[in-house]
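# Chains, contacts and geometry: an overview
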Amino acid sequence: MRNLKLLRSLEFRDIQAQGKPQCLSLRAEQATVLIGSEHGLVEVDPVTREVKNEIPLVAEGFLPEDGSGCIVGIQDLLDQESVCVATASGDVLLCNLSTHQLECVGSVASGISVMSWSPDQELVLLATGKHTLIMMTKDFEPIMEQQIHQDDFGKSKFVTVGWGRKETQFHGSEGRQAAFQIQMHESALPWDDHRPQVTWRGDGQFFAVSVVCPETGARKVRVWSREFALQSTSEPVAGLGPALAWKPSGSLIASTQDKPNQQDVVFFEKNGLLHGQFTLPFFKDEVKVNGLFWNADSTVLAVWLEELQREENSSLKTYVQLWTVGNYHWYLKQSLPFNTCGKSKIVSLLWDPVSPYRLHILCQGWHYLCYDWHWTTDRSSGDNLSDMANVAVIDGNRVLVTVFRQSVVPPPMCTYRLQLPHFVNQVMFSARPEKSNDLAVLDATNQISVYKCGDSPSVDSTVKLGAVGGNGFKISLRTPHLDKRYKIPIEDSEAEEVNPLKFSLLSWVQEDIFLAVSHSQSGPQSAIHHLTVAPSETDDKQGQLNISSSVTVDGVIISLCCNPKTKSVALQVAGGQIFKYLWESPSLAVEPWKNPGGFPVRFPYLCTQTELAMIGGEVASNITSFAVYDEFLLVTTHSHICQCFCLRDASLKTLQAGLSSSYVPNGESLRKVERGSRIVTVVPQDTKLILQMPRGNLEVVHHRALVLAQIRKWLDKLMFKEAFECMRKLRINLNLIHDHNPKTMYPPPVLSTVPRPSDPDEKKVDLICDAMRAAMENINPRKYCLSILTSHVKKTTPELEMALQKVHELQGNAPPVPDAVSAEEALKYLLLLVDVNELYDHSLGTYDFDLVLMVAEKSQKDPKEYLPFLNTLKKMETNYQRFTIDKYLKRYEKAIGHLSKCGPEYFPECLNLIKDKNLYNEALKLYPPNSQQYQDISIAYGEHLLREHLHELAGLVFARCGAHEKALSAFLACGSWQQALCAAAQLHLPAEQLAGLGRTLAGKHGPQKNYMAFLDSQTATFSRHKKRLLVVRELKEQAQQVNLGECLPGDNDEAPHGQESDLFSETSSVMSGRYSHSNSRISARSSKNRRKAERKKHSLKEGSPLEDVALLEALSEVVQGTEKLKDEIGHILKMLFLFEFDEQGRELQKAFEDTLLLMERSLPEIWTLTPQQSSATPVSFPQKHNSNCLRSHQQKNVSVTVSLSFPLDAELFMPPKINRRTQWKLSLLD
């Protein structure tokens, strides 16, 4: 859905040369144009507008002096730095434009009608006057000569297998007689010049020749290979024209065909069969096709047409039409009318081989024109809901408009079409946001038709509905109507005849103001014109646009962008500079656009839809299309992705990084698209992004960035319905409705009725349910009864009792309003949300038998099951009834609560339930502390704790209820001598029994024996680990010295075996960090073995990789464990002195003191290294000797570490702290 828009035009008038121009060629490297005439060759520079070289051929005798000579071909030869010229008389010349030397490299006596070079300039083909084809090399050595007319079909002749005859086939409406008709060959067209036409395929492997057959008089197309072998001959085509052009991509050969009522451009395949066509927009015998020309990338087909003489005094015109194809439909994008009389008659035209969209035209009056086109998508630029997301497509004298807000219609269909009287060249939408649906159309006669949306007093005949009309699918659509047509007068009529595209880059900036750009004829300058509406002097029905003011700009303007908010226009010139123009400024000055630093903005090169640049430099060159919508920049790349960037916080560096190949974006900004997708438009205030595939079909995607941005806007405006529908349709997590802004999610009336959660981590589902329920209850609780029930059921802890209670309330009240919900309907709805058995149990838990019966009747339960049970419950006392229900529902806490109210006679049953379900804590809350029931429950609780071996807790429970004897036994069992002495004091034991109890406690603990054994064990462990650590460190140092010695530079790769080599084993602790062995591979970074490696990385096993680190860890634990005993040893020493165990106390005190002194003196000897100096640090070798070192160690089954595998804890290399200020020693025992 793109149009061809004129980027710039270059005009060189009145070239100073002799004779009349005949042909045109290009010199790509020099950017000059070669023009041939009957007098010679002229080289001109269209940029500087000067004649660089003039080579006369008449003086040398290659062209006659009477002016009857003709140059049939010009070709610039890059390898030979010359120009090859062929004359109709048969001479082939080489001309060096630098030295002006001429050389005749060959001559054909019969004359030359066509000279055609292959695309790679390796071969040249000549068509002679004797109807032969001569192929030569680039050095003009003949290869082969063949007759141009061949009787054979070619190598690709079709093979008939004899399945059926023409006489037996079905011929449709033509009848059976069509099988016996003889094919009649029509002669060539009356205006055919009978000259052969030659065209090459883009790769140079084949060429096609169109000639008039002397036998039938009709034209045929023959395809030849590069080896000059005939491949195929076209099928007989009546009315085949002389124009011929092979598509550079190699798929089709274009030609023309005159049919009874129309004239078509037809396409041949390489095998000579027809394959598609399209009709030219002219009547039969109205025009003739002088030539067909494909551009370099095979996307545009230029058709050169000339009107045929009908009346003697009629003014004839010549047309250059540009056609493109999409979705198997051919669109006429541009039509350039020229006069056939005088200086504006077209002599030759061709596409630029380097710039695919540059067209060169040469006119008879030595006028040269150059047009640069580029692709653009004409779409409305509004940003509110009133904008309908219109996209306009030019197709001849029609404009196809698709309204993407209401329907997505694939091309070539459309929503509606505008029928214009002339061919359309440009479409523009109004730049004003409130009038973004209005559009203006510029046709080939420089007339602007303005269409406005709104109420029209009558039906506009120029507006026709497209795919949305007819008797089938219809939509409510407001089509625009023709408001008025305006003529743009051109002061210089000759200029309009020579250059039909006088104005370009038209923009509709205000209701009555248009901006247009024109380019200077004399130099690289442009002018921006104000076109204002003025009444026409000749026709009241037609207005006129006059040029009210003009501003000259240095440079060729190639792009124009309007901003209606700031009333400014950004102008881009060919050199890359950006200018600012304020169209409402009184001065009407054009000034350079400057960045915040005050420097002029300059783009690195010409930027179009396929390249992206911004202030500061190039962003990316792999862009296939881009669009700006609201605060987003959307781009599609050659990597087949669509990325979305937020322009609020975007900079040059962020865009460059985001579009780089190494960038890994998040899921919100990136979306994969089909290969070759391009952006068509974005629907404003919506989430739809329209993409077009290479074939032409459309695809609607919802880019996640656009979706989330639009949802945020709806939520900010409290438009929850639109946000919810969009999120549900596009599968967006509905939590965003709450998480976007929880504080402003609820309106103030609702928020005041919702209890604020005391716990900040309360689940948001409960908060939303409460808020929704409060809002619905404030509006109409009867109408929204079902939704209110849902808010109860869907909470994290379903409030089924409250929901059932509301249903029960409805049962007793008749519906006061028509839209109210009955109790039966509410219960049926509730049964859809909750399982019926669960609902029955909750209804039973309400102790409301009417509600239970109502639920049971809707369930599948048998009345014989629940009616006897309910009747039995009704006969019970209320508290016991509720106890039975709670026990049935396994709500034992509530059950013992109701049973406790039934009286003392039910206490044994209550106590049994408490013991059975371990409800001691809940039961103790039901009775006062001084009651007998409290004491019984406490004793049962204590006995339960004794069975669980929780003696101390049992003793506390016994002591609290006054059972001190049982408490004393429990404390004695757990060894809690403090609590035991307290319990003994409560029993008022005599002094003798109390002293005996103390001795019993002291003897039972045996502190001198237990602590002495522990201290002996700690001392032995400490000494053993310390000794092993010293040995490991010594071996580590020896290993490092051996490794460094083995890796010294030398010729011998074998590692020397020193005396220390026998000290190491396969499992020696000299291996450190990451190690590998032929039988095992362990890595702490492996997710599979991470836990196993964590357990093994600090192993005390001799020879383990990190044995020294494990020893440090073990020694640190021994020291810290001993340090923690100071307080406990101090208390034990006091108790031993109190109960007259002086000897044991002195022995314990002396042993503990010696242990502490040993550890304190050993600290400097053990903790001497830092983590970088530790033995776990890997050994490094010179880079060039690594392989030798590794090889030598592998021979000894010793692996060398290159990097440390396990991260070491730095605390292991810090000595543990010993607090000398702790007072644990008892001076009374010294």
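Read on for a plain summary of the structure. (Residues numbered from 1 in each chain as written. Predicted model: local features only at pLDDT ≥ 70, side-chain atom pairs only at ≥ 80, totals over all residues. Heavy atoms only, no water.)

## Details of the overall build of the protein chain
Helix and strand counts for the protein chain stand at 28 helices and 56 strands. Burial analysis of the protein chain (1230 residues in total) assigns 48% to the buried set. Surface exposure of the protein chain reaches about 62600 Å², of which carbon and sulfur atoms provide 50%. (Helix = DSSP H or I, 4+ residues; strand = E, 2+ residues; numbered from the N terminus. Buried < 20%, exposed > 50% of the residue type's maximum accessible area, 1.4 Å probe, protein only. Areas by Shrake-Rupley, 256 points an atom, 1.4 Å probe, with all protein chains shown as cover.)

## Comments concerning the sheet that holds strand 35 (residues 447-452)
If you trace the eight strands from one edge of the open sheet to the other, you get 33-34-35-37-41-40-39-38, paired in mixed fashion. Two strands close off the open sheet at either side, each with one partner strand: strand 33 (424-429) and strand 38 (504-510). Neighbouring strand axes in the sheet, compared pairwise and without regard to direction, differ in orientation by 30 degrees on average. As defined by bridge partners, strand 40 (residues 525-534) adjoins strand 41 (residues 542-554) across 10 bridges and the pair is classed as antiparallel. Paired with Leu531 across the strands is Ile547, a residue of strand 41. (Pairing = 2+ DSSP bridges. Axes fitted to C-alpha atoms, helices over the stretch in contact; angles between N-to-C directions.)

## Overview of the packing of helix 25 (residues 1107-1123) against helix 27 (residues 1142-1166)
Where helix 25 meets helix 27, the closest approach of the two axes is 11 Å, and the angle between their N-to-C directions is 145 degrees. For helix 25 against helix 27, the interelement crossing comes out left-handed. Along the contact surface, helix 25 presents Leu1112, Leu1115, Val1118, Val1119 and Thr1122, while helix 27 presents Phe1152, Thr1155, Leu1156, Met1159 and Ile1166. Its residues placed into classes, the contact of helix 25 with helix 27 shows eight nonpolar, two polar and no charged. (Left-handed = near helix turned anticlockwise from the far one by under 90°. Contact = heavy atoms within 4.5 Å. Nonpolar A, V, L, I, M, F, W, Y, C, P; charged D, E, K, R; others polar.)

## Thoughts on the packing of helix 14 (residues 878-888) against helix 15 (residues 892-900)
Look at helix 14 against helix 15: their axes get within 8 Å of each other, and the N-to-C directions meet at 165 degrees. In terms of orientation, helix 14 lies roughly antiparallel with respect to helix 15. At the point where helix 14 passes helix 15, the crossing takes the left-handed sense. When helix 14 is examined against helix 15, the residues Asn879, Tyr880, Arg882, Phe883, Asp886 and Lys887 are found in contact with a partner set consisting of Tyr892, Lys894, Ala895, His898 and Leu899. Grouping the amino acids of the contact of helix 14 with helix 15 by side-chain chemistry returns five nonpolar, two polar and four charged. (Parallel < 35°, antiparallel > 145°, perpendicular 65-115°, else oblique.)

## Regarding the packing of aromatic side chains
Scanning the model with the defined rule gives 22 aromatic pairs in all. Between Phe282 and Tyr319, the ring centres sit 5.4 Å apart and the planes meet at 45 degrees, which makes this aromatic pair tilted. Within this pair, whereas Phe282 is found in the loop between strand 21 (274-279) and strand 22 (287-294), its partner Tyr319 is found in strand 24 (residues 317-326), the two being separated by 37 residues in sequence. When sorted by exposure, Phe282 lands in the same class as Tyr319, which is buried. Ring-pair connections join several aromatic residues into one group, and the members of that group are Phe267, Phe278, Trp294, Trp323 and Trp330. The side chain of Lys270 reaches across the aromatic face of Phe206, ending 4.5 Å from its centre. Cation over ring: Lys333 sits above Tyr331, and NZ or CZ is 4.6 Å from the ring centre. (Phe/Tyr/Trp six-rings, centres within 6.5 Å; stacked < 30°, edge-to-face > 60°. Lys NZ or Arg CZ within 6 Å of the ring centre and 35° of its normal.)

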